[in-house]
Amino acid sequence: MAISPHLVSGGASGPRLHHERRQELGQSFQDGGEHYHRVRPGYPADSVDWLLPAGTRFAADVGAGTGKFTGLLVDRGLEVAAVDPSRDMLEQLRKTWPQVNALEGTAEATGLADSAFDVVSVAQAWHWCEPLKASTEIARILRPDGVLGLIWNQLDTSVPWVHRLSRIMHAGDVHKPDFRPVVGPEFVDLESHLTAWQETLTPADIIELAKSRSYYLRANQATRTKVTGNLEWYLYEHLGHAPGETVGLPYVTQTWRARKARSAPPR
């Protein structure tokens, strides 16, 4: 598989979750769709532009959540289906993009038709999936030479103050430099693209962002109080930001794409 050498290096690392732990943490997103949609960042247009091959007409966004990435596909005039296990998240998605065919399902069992899509995207969700089972299912719904896209927004921890912020927030999905996602043998030509960008937030927005993460959502009240207290100290006292002041929060978006293999892999 070809990897863009100037963007990533070989090896496999990043979030490694056992099946039970993956399910436990994933359940934390079942509710709170309105809050998630309000506080989580969107994705840079550069990400979807690099992902989509010429002539794309039909796309599925799997693990779509409230539709943060779905909206970029809709904006490009595509016919889009969205799949997510959370009814609450999908209700929020339908409010924003009623034209999208949104249905409950998972990456391992989408409920979508065979060979129906040119592109399947999985944004900020592949680490919640069983990657080999999900690869088989996504290959089933992709057309020949269809594209699988895996997308992650991450805090840019190369910036020192952001690195410390990520530790206080317990942002466990920040990948190591040699990260490479696992995909099944149904896919070839895996390559990566990086986009550096910033989101403008207030300190209060950053605290709300921390409250949308799985660590916070699964924590008891004492832990939640500790996290918010640490963030208030760091943002207001240590960094010296005033309430209501705008802060540029640096992100890096990793976009991976792989092409569906033309011949079926050996079983």
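In short, a report on the structure. (Residues numbered from 1 in each chain as written. Predicted model: local features only at pLDDT ≥ 70, side-chain atom pairs only at ≥ 80, totals over all residues. Heavy atoms only, no water.)

What follows is about the packing of aromatic side chains. One pass over the full model with this rule turns up 5 aromatic pairs. A ring pair is formed by W197 and Y251, whose centres lie 5.1 Å apart and whose planes are at 15 degrees; its orientation type is stacked. With a gap of 54 residues between them, W197 in strand β6 (residues 187–201) and Y251 in strand β7 (residues 247–260) connect regions that are remote in the sequence. Grouping residues by exposure puts W197 and Y251 together as buried. Site record: aromatic cluster; members linked through ring pairs are W152, F179 and W256. In this structure, R257 is placed above the aromatic ring of W50, and the distance from its NZ or CZ to the ring centre is 3.8 Å. (Phe/Tyr/Trp six-rings, centres within 6.5 Å; stacked < 30°, edge-to-face > 60°. Helix = DSSP H or I, 4+ residues; strand = E, 2+ residues; numbered from the N terminus. Buried < 20%, exposed > 50% of the residue type's maximum accessible area, 1.4 Å probe, protein only. Lys NZ or Arg CZ within 6 Å of the ring centre and 35° of its normal.)

The strands making up a sheet associate through hydrogen bonds between their backbones, and the pairing can be parallel or antiparallel. Taken together, the 7 strands give an open sheet; going across it, the order is β3-β2-β1-β4-β5-β7-β6, and neighbouring strands pair in mixed fashion. The sheet is open, and its two borders are formed by β3 (101–104) and β6, each paired with just one other strand. Neighbour-to-neighbour, the strand axes of the sheet open up by a mean angle of 20 degrees, direction not taken into account. The strands touched by helix α5 (residues 87–96) within the sheet are β2 (79–84) and β3, with β3 carrying the most contacts at an inclination of about 175 degrees. The strands touched by helix α6 (residues 131–141) within the sheet are β4 (117–123), β5 (142–155), β6 and β7, with β5 carrying the most contacts at an inclination of about 130 degrees. (Pairing = 2+ DSSP bridges. Axes fitted to C-alpha atoms, helices over the stretch in contact; angles between N-to-C directions. Contact = heavy atoms within 4.5 Å.)

Bringing the pattern of salt bridges into the picture now. Here the structure, examined in full by the defined rule, presents 10 salt bridges. With a shortest N-O distance of 3.3 Å, R259 and D145 are connected by a salt bridge. Of this pair, R259 sits in strand β7 while D145 sits in strand β5; the two residues are 114 residues apart in sequence, bridging distant segments of the chain. Residue class for D145 comes out partly exposed when judged on its relative accessible area of 32%. Here the salt bridges do not stand alone but share partners, grouping D145, D189, R259 and R262 into one network. (Salt bridge = Lys/Arg side-chain N within 4 Å of Asp/Glu carboxyl O.)

For the rest of this paragraph, the subject is helix α10 (residues 221–238). Between its terminal C-alpha atoms α10 stretches 24 Å, which fits the 26 Å expected from 18 residues at 1.5 Å a residue. Buried residues of α10: V227, T228, L231, Y234 and L235, and no others. The buried residues of α10 occupy an angular sector of 125 degrees when the element is viewed end-on, so they sit on one face. Within α10, the exposed residues directed more than 90 degrees away from the buried face are Q221, A222, K226 and E237. (Expected span 1.5 Å × (residues − 1). Arc of directions from axis to C-beta.)

By the element assignment, W128 lies in the loop between β4 and α6. Its relative accessible area of 23% is what places W128 among the partly exposed residues. In sequence terms W128 and A107 are 21 residues apart; their C-alpha atoms lie 9.2 Å from each other.

Turning our attention to helix α7 (residues 160–169). Those residues of α7 that sit buried are V162, L165, S166, I168 and M169. Each buried residue of α7 lies within a common arc of 160 degrees when the element is viewed along its axis, so the set occupies one face. Within α7, the exposed residues directed more than 90 degrees away from the buried face are P160 and R167. Directly beyond the C-terminal end of α7, a positive phi value near 60 degrees is found at H170.

This part covers the pairing of β5. Among the 14 residues that make up β5, 11 are buried, leaving the element largely enclosed by the rest of the structure. Alignment of β4 against β5, held across 6 bridges, turns out to be parallel. Bridge pairing in β5 links F117 to L142. Tracing the backbone out of β4, into α6 and back to the parallel element β5 gives a crossover that is right-handed. In this structure, β5 lies alongside β7, joined through 9 bridges in antiparallel fashion. Among the inter-strand pairings, L155 is bridged to a residue of β7, identified as Y251. (Right-handed = clockwise from strand over helix to strand, strands pointing away.)

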